[in-house]
Amino acid sequence: MSRTNLEALKARCKVICNTCYVDTDVAEDMLLREGLEPTDNEGDESTITKCAIIIVKGWVETSRTDNGITASVNYDAVKKSIAFWCKQCGLDASEFLDEDLTTIEDGSHMW
């Protein structure tokens, strides 16, 4: 089955964190930043995985409710999933897991 870089990235985000459904514009932006055309046939798996990990780390939330359905995220499971996919694609997991996913930084200097 042939798929595009965009389809591969969106799928990888869901594989890493099953509640992570990425907007097309976010996925396209990440691919373009890494030099991949969203509409090209699926390219380098490690680059797509790297993009997915960055998106998931920026997206992860403890829980959310939408139309009466609540979804929760287990941070330890997400970290294990990131480590697994890094190993599969030859990426250094410590590059992505050095900082804690639950860390919230003070952004008050931005306003």
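In this report, the structure presented in the accompanying data block is examined. (Residues numbered from 1 in each chain as written. Predicted model: local features only at pLDDT ≥ 70, side-chain atom pairs only at ≥ 80, totals over all residues. Heavy atoms only, no water.)

### A look at the overall build of the chain
Cut-off, in case you're wondering: Helical segments are the DSSP runs of H or I of at least four residues, strand segments are the runs of E of at least two, and each set is numbered from the N terminus. Exposure categories follow from relative accessible area, calculated using a 1.4 Å probe and restricted to protein chains: below 20% of the type maximum is buried, above 50% is exposed, and the middle band is partly exposed. Contacts were defined at the residue level, with two residues in contact if any of their heavy atoms lie within 4.5 Å. Computed with a 1.4 Å probe, the accessible areas rest on the Shrake-Rupley method; for each residue, only the protein chains presented here act as cover.
Across its full length, the chain carries five helices and two strands. When the elements of the chain are put in sequence order from the N terminus, they spell out α-α-α-β-β-α-α. Taking all 111 residues of the chain together, 33% fall into the buried category. Partitioning the intrachain contacts of the chain with sequence separation of at least 6 by distance along the chain shows that 61% fall at a separation of at least 24. Approximately 7,100 Å² of the chain is accessible, and the part contributed by carbon and sulfur atoms is 47%.

### Overview of the packing of helix H3 (residues 45–59) against helix H4 (residues 75–89)
Our working rule: Axis definition: a line fitted to C-alpha atoms, over the contacting stretch in the case of helices. Angles run 0 to 180 degrees between N-to-C directions. An angle below 35 degrees is treated as roughly parallel, one above 145 as roughly antiparallel, one from 65 to 115 as roughly perpendicular, and anything else as oblique. Left-handed is the label given to a crossing in which the near helix is rotated counterclockwise from the far helix by less than a right angle, and right-handed is the label when the rotation is clockwise. Any residue that is not Ala, Val, Leu, Ile, Met, Phe, Trp, Tyr, Cys, Pro, Asp, Glu, Lys or Arg is counted as polar, Gly included; the first ten are nonpolar and the last four charged.
Their axes nearest at 9 Å, the elements H3 and H4 cross at an angle of 165 degrees. Regarding the angle of H3 to H4, the classification is roughly antiparallel. The handedness of the crossing between H3 and H4 is left-handed. Contacts between H3 and H4 involve Glu45, Ser46, Thr49, Ile53, Val56 and Lys57 from the former and Val78, Ile82, Trp85, Cys86 and Cys89 from the latter. Class assignment of the residues belonging to the contact of H3 with H4 gives a composition of seven nonpolar, two polar and two charged.

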